[in-house]
Amino acid sequence: MNDKNSQKIVDVIKNFARKHSLFVLAYGTGCGAIEIPATMTSRYDAERFGIRGAATPRQADVLLITGYLSTKTLKRVIRTYEQMQDPKYVIGFGSCTINGGMYWDSYNTIKLLDMYLPVDIYINGCMPRPEAVIEGFIGLQKLIAAGKAEGAKKYKENLDWYRANQKKVIKNWVMPDYNW
Amino acid sequence: MMGDIWMTLLGVLVTTLLAFVTGMFYMGASRKITARVQNRVGPPIYQNFLDLIKLQAKDTAIHHGWMQLLGPAFLMVSAVGSLMFIPVLNKGLFFENFTADGDIIFLLYLMVFGSLGMALGAGQTGNPNSAIGVTRGLTQMVGFEIPWVMAIVALILQYHTTNIAEILEAQHRSGVWSMFANPYAFIAALLAAFGMFRYSPFDIVGAPAELASGPVSENGGKFLGTMMSSHAVFAFVKLVLYVDLFMGGADNLVELVIKTFGLYLIPLTYGMVNPRYRTEQAVRYFYGWPTLFGIIAILYAVFY
């Protein structure tokens, strides 16, 4: 297994399995959560791509941030994200995670999610339809198959930068330290 | 002597592999069938294998203590252990493993061993959802074990033996499956199986929407993978046990698959059309008709 070529084969198999088995923790922060039931159930059936819901962060691969994040929610989201096990991916869902969307001048929401958590792929729109959500998941699958979905690695390497950003908006920072 | 040991080990390996692959495909089929019932396309039938590879390839940096780490192993040990004492096919057509050494009563203990180990493991995680899940699971077990044990006692009384192989033999000698020789026992056992398989309406233990998957909630990655494979093996164990006890066993693997899958469809389809029970409703269900059928089965075995 230490041989470079055999490691490559193992990686291809692992990435294939990861690609086709995404357990999603749908963190319903905003109005976008209403699109998730439609995506998962009969009409759009995301399970045919191996996408299914996970009940807890421990079992999840994908953290789906559906919509705006108030600073209060951000704290919980960070905590949830850090409880997830590697490899893990974040999907920013809706305009609110990209530029604040309709909350662009709000005093208590964050504007760009990527400043606080490493986003692997964005789905734009307000609201994105289930087709767009599935399109986003397939984009993530392509990234995983190519081995390019490395948000978690980026987060670990630039943890100081992310922490500084997080602490800038979260004033009462009382959080446990996770050692992954 | 040496050759015997190697044959035993080969038997253990082949039987476990058969149980694992069959169980995983049954679980995949159940997801596919559920999807078709809900007018969806559904995941491919091999989806569970992909899930398993992915789960085993995940990092696992969760550590709440030794019992939590041992919980999934207990499940696996219980599943594979009980598999070793159940004849897969009739009359030694398949590897016999240790079927000559164990009887039903021993098996009853061995089959709950895994759940109890898992309960201890879940308790150590300190997650309140796990604790509630464990309480519910043990309560439900108290419910369905009663009709299940009654059905088995009826069989023991009827055939005057506790050995599974001898019960099989007796069914062949009389030419009547015990599901017809003592239908009440079969009905009681079948109703108990609804609780044993934990499909809805008896999925009160996992209950993703209210308990965040219950005892499993702190277990991700490799733990979840081990639990999934042990569930696959254990599903096969239960199905083969039912086929052996009530349907006269199977003469070849095709017959085994047909019988076990037919049995598997019963709790599955019952679950598709039912929402989830509350804990007390589930227990009340098991103390109702299933227990009544269990009593009738015992009376039938004694007086008929």
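Note that this is a predicted model, so its numbers are computed, not measured. (Residues numbered from 1 in each chain as written. Chains lettered and ligands numbered in written order. Predicted model: local features only at pLDDT ≥ 70, side-chain atom pairs only at ≥ 80, totals over all residues. Heavy atoms only, no water.)

Visitor: Go over helix α6 (residues 164-174) of chain B with me, naming the residues and quoting the values.
Guide: Residue and element names in this part refer to chain B. Within the sequence span of α6, burial applies to Ile-164, Ile-167, Leu-168, Ala-170 and Gln-171. Around the axis of α6, the buried residues are gathered within 160° of arc, so they sit on the same side. Capping of α6 at its N-terminal end is provided by Asn-163; its side-chain oxygen lies 2.9 Å from the backbone amide nitrogen of Ala-165. Downstream of α6 by one or two residues, Gly-175 has phi in the positive range, about 75°. (Buried < 20%, exposed > 50% of the residue type's maximum accessible area, 1.4 Å probe, protein only. Helix = DSSP H or I, 4+ residues; strand = E, 2+ residues; numbered from the N terminus. Arc of directions from axis to C-beta. Polar contact = N/O pair within 3.5 Å; in protein donor to acceptor, adjacent residues only side chain to side chain.)

Visitor: Quick rundown of the interface of chain A and chain B? Include the residues and the values.
Guide: Between chain A and chain B, the residue contacts involve 26 residues of the former and 30 residues of the latter. Of the roughly 2300 Å² buried at the junction of chain A and chain B (both faces included), carbon and sulfur atoms supply 54%. A salt bridge links Lys-54 of chain B to Asp-61 of chain A, with the nearest nitrogen and oxygen atoms 2.5 Å apart. Here chain A and chain B share 20 residue pairs in polar contact (both at pLDDT 80 or more) between them. (Contact = heavy atoms within 4.5 Å. Buried area = accessible area lost by both parts, 1.4 Å probe. Salt bridge = Lys/Arg side-chain N within 4 Å of Asp/Glu carboxyl O.)

Visitor: Which residues make up the environment of Leu-241 of chain B, and what values do they have?
Guide: All names here are of chain B. Position of Leu-241 relative to the elements: it lies in helix α10 (residues 221-246). Placed 69 residues apart in sequence, Leu-241 and His-172 show a C-alpha to C-alpha distance of 16 Å. Non-local contacts of Leu-241, meaning those with residues more than four positions away in its chain, are made with Ile-86, Leu-107, Met-111, Trp-148 and Ile-164.

Visitor: I'd love a proper account of the packing of helix α1 (residues 4-19) of chain A against helix α5 (residues 130-145) of chain A, names of residues and values included.
Guide: Residues and elements named next belong to chain A. Relative orientation of the contacting elements α1 and α5 amounts to 170°, with a least axis distance of 8 Å. The angle between the axes of α1 and α5 places the two elements in the roughly antiparallel class. Of the residues in α5, those in contact with Asn-15, Arg-18 and Lys-19 of α1 are Gln-141, Ile-144 and Ala-145. The class makeup of the residues in the contact of α1 with α5 is two nonpolar, two polar and two charged. (Axes fitted to C-alpha atoms, helices over the stretch in contact; angles between N-to-C directions. Parallel < 35°, antiparallel > 145°, perpendicular 65-115°, else oblique. Nonpolar A, V, L, I, M, F, W, Y, C, P; charged D, E, K, R; others polar.)

Visitor: Describe the environment of Thr-125 of chain B, with residues and values.
Guide: Residue and element names in this part refer to chain B. Within the secondary structure, Thr-125 is located in the loop between α4 (104-124) and α5 (128-159). Thr-125 sits in the buried class, given a relative accessible area of 8%. For Thr-125, the side chain forms a polar contact with the side chain of Ser-130, separated by 3.4 Å.

Visitor: Could you give me a rundown of the side chain of Arg-58 of chain A, with the residues and numbers involved?
Guide: With respect to the helices and strands, the residue Arg-58 of chain A is situated in the loop between β2 (51-53) and β3 (62-66). For Arg-58 of chain A, the contacting residues outside a window of four places in its chain are Gln-83 and Gln-85 of chain A together with Ile-62, His-64, Ser-217, Glu-218, Asn-219, Gly-220 and Gly-221 of chain B.

Visitor: Explain the pattern of salt bridges residue by residue, including any values.
Guide: Tallied over the full model, the rule gives 16 salt bridges over all chains. With a closest N to O distance of 3.1 Å, Asp-45 of chain A and Arg-40 of chain B form a salt bridge. Of the two residues, Asp-45 of chain A is situated in the loop between α2 (35-40) and β2 and Arg-40 of chain B in the loop between α1 (2-37) and α2 (47-56); the pairing between them involves two chains. Take Asp-45 of chain A and Arg-40 of chain B: they sit in the same class, and that class is buried. For Arg-40 of chain B, the salt bridge is made with Glu-47 of chain A, and the minimal N-O distance between the two is 2.6 Å. With Arg-40 of chain B in the loop between α1 and α2 and Glu-47 of chain A in the loop between α2 and β2, this residue pair bridges two chains. Across the pair, Glu-47 of chain A and Arg-40 of chain B agree in class, each one buried. The network of salt bridges with shared partners includes Asp-45 and Glu-47 of chain A together with Arg-31, Arg-40 and Asp-51 of chain B.

All quantities given are derived from atomic positions and should not be read as evidence of function.
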